[in-house]
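Fold and geometry: a report
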Amino acid sequence: RGLKSNHDPEATTHTETESSHDSFDVNPSPPKVEMIQVKPTCISNENVGSELHDSNASFKNGTIHANSSSSSFSTDSGKVPDGGESSKNGNVIKTDSPLSILRDPTLFIFVIICFTFHLSNATVLPLVMQTLAISNGRTGILMSGLCIIIAQAFMMMSAKICGTYSSIYGQKTIFIIGILSLPIRCAILTLLLHMKENDDHQGQNGGGGFIDYAILSTQILDGMGAGVFGTMYVLVTSNISEGTGRFSLALGITTSAASIGGTVSGYLGQVIAQDMGYEQAFMILGFISFIPVCFYLFFMPRTKCSTDLPK
């Protein structure tokens, strides 16, 4: 219908159509495309936020806008000035100086807590292994290995519990429960060694096996305390350094305090056990373990939990 012959331009054939959409042109004209020329502009890495000089286009929010009056580079999070970081509202985030972090009294108190906890905790496991090895002969190596296995197993479970319930009940509650396990453990060990010593003096060796397994079971408290402390001290350090931009520095300080306390603990526990005996060693370490409990209970502020967050 309505086709024009290419061989004879004068011969045309027309047919009647019932509707207007039945007729069409074989050679439609191509659509007009308007081309926009954008002058190339070189952006240096030194000043990403500089203006695009001598250009009719600007890059804003991930798109190119032609003929824009303000040709500047910006993102959804705000402008990025030289030498600073940007926040969501466009304000510059400034970090505190390292000296201001060292002057923070809350961080200083927590450093004391980390040091005293590991000062009293690190040497307890070697002393427990020695007491079991002395009284069990060849099976002492097996008992020593079980001490580590039990502690590691309960440490993993404690870490999982901390991650689940710390945001519900607050970090302070969970942390106090963890560090309070150490003085309870030392008290139980002191009592068990006292009972074992009385049995040895009376010549009753029947209860020795039961006491040894009871001493071994105290490693449950070891795993609980180490798991809670190892998980929570990172979160507490993060809360202390929140808004300062110095989390890595604060974490390094607290970790160093814990490492120094553990190093001194090995020497302190062995000296006390050699000079006074294992029972007195556990007793003294138990008194030292009350220091981090009291400091955290009375001097550390309450941390955030889920009820404190805006809904």
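Residues numbered from 1 in each chain as written. Predicted model: local features only at pLDDT ≥ 70, side-chain atom pairs only at ≥ 80, totals over all residues. Heavy atoms only, no water.

1. A word on the pattern of salt bridges
- Tallied over the full model, the rule gives two salt bridges.
- Its salt-bridge partner being R185, residue D222 comes within 3.2 Å of it at the nearest N-O pair. Within this pair, whereas D222 is found in helix α7 (residues 219–240), its partner R185 is found in helix α5 (residues 171–202), the two being separated by 37 residues in sequence.
- Owing to a relative accessible area of 10%, D222 belongs among the buried residues under this scheme.
- The class of R185 is buried, set by a relative accessible area of 1%.
- Close ionic contact of D212 with K196 constitutes a salt bridge, the shortest N to O distance being 2.9 Å. (Salt bridge = Lys/Arg side-chain N within 4 Å of Asp/Glu carboxyl O. Helix = DSSP H or I, 4+ residues; strand = E, 2+ residues; numbered from the N terminus. Buried < 20%, exposed > 50% of the residue type's maximum accessible area, 1.4 Å probe, protein only.)

2. Concerning α7
- Spanning 22 residues, α7 covers 31 Å between terminal C-alpha atoms, matching the ideal 32 Å at 1.5 Å per step.
- M232 marks the point of greatest bend in α7, at about 30 degrees. (Expected span 1.5 Å × (residues − 1). Bend = angle between axes of the 7 residues up to and from the residue.)

3. Concerning the packing of aromatic side chains
- All told, the structure shown has eight aromatic pairs when counted by the stated rule.
- Here the aromatic rings of F175 and F229 are separated by 5.5 Å at their centres, their planes lie at 50 degrees, and the arrangement is tilted. Of this pair, F175 sits in helix α5 while F229 sits in helix α7, and the two are 54 residues apart along the sequence.
- On the basis of relative accessible area, F229 is assigned to the buried category, the value being 4%. (Phe/Tyr/Trp six-rings, centres within 6.5 Å; stacked < 30°, edge-to-face > 60°.)

4. Brief notes about the side chain of K196
- Here K196 shows up in helix α5.
- Given a relative accessible area of 12%, K196 falls into the buried group.
- Polar contacts involving the side chain of K196 include one to the side chain of D212, which spans 2.9 Å.
- Not counting chain neighbours up to four residues away, the residues in contact with K196 comprise T131, S135, I211 and D212. (Polar contact = N/O pair within 3.5 Å; in protein donor to acceptor, adjacent residues only side chain to side chain. Contact = heavy atoms within 4.5 Å.)

5. Some words on the nonpolar core
- Residues F110, V124, V128, F175, I215, Y296 and M300 are the most contacted members of the largest nonpolar core, which totals 45 residues.
- Those elements that place two or more of their residues in this core are α2 (105–121), α3 (124–136), α4 (140–169), α5, α6 (208–217), α7, α8 (247–276) and α9 (278–298).
- Examining the composition of this core, we find that nine residues originate from one element, α5, more than from any other.
- In this view, V128 contacts C147, R185, L189, I215, Q219 and F282; residues no more than four positions away in its chain are not counted. (Core = buried A, V, L, I, M, F, W, Y, C linked by side-chain atoms within 4.5 Å.)

6. Some remarks on the packing of α8 against α9
- The N-to-C vectors of α8 and α9 enclose an angle of 140 degrees; their axes lie 7 Å apart at closest approach. Relative to α9, the element α8 lies oblique. For α8 against α9, the interelement crossing comes out right-handed. Side by side, α8 and α9 meet where L268, G269, I272, A273 and M276 of the first sit next to Y278, Q280, A281, I284 and I288 of the second.
- Per-class residue counts for the contact of α8 with α9 are eight nonpolar, two polar and no charged. (Axes fitted to C-alpha atoms, helices over the stretch in contact; angles between N-to-C directions. Parallel < 35°, antiparallel > 145°, perpendicular 65-115°, else oblique. Left-handed = near helix turned anticlockwise from the far one by under 90°. Nonpolar A, V, L, I, M, F, W, Y, C, P; charged D, E, K, R; others polar.)

Function-wise, these values are silent; they only describe arrangement.
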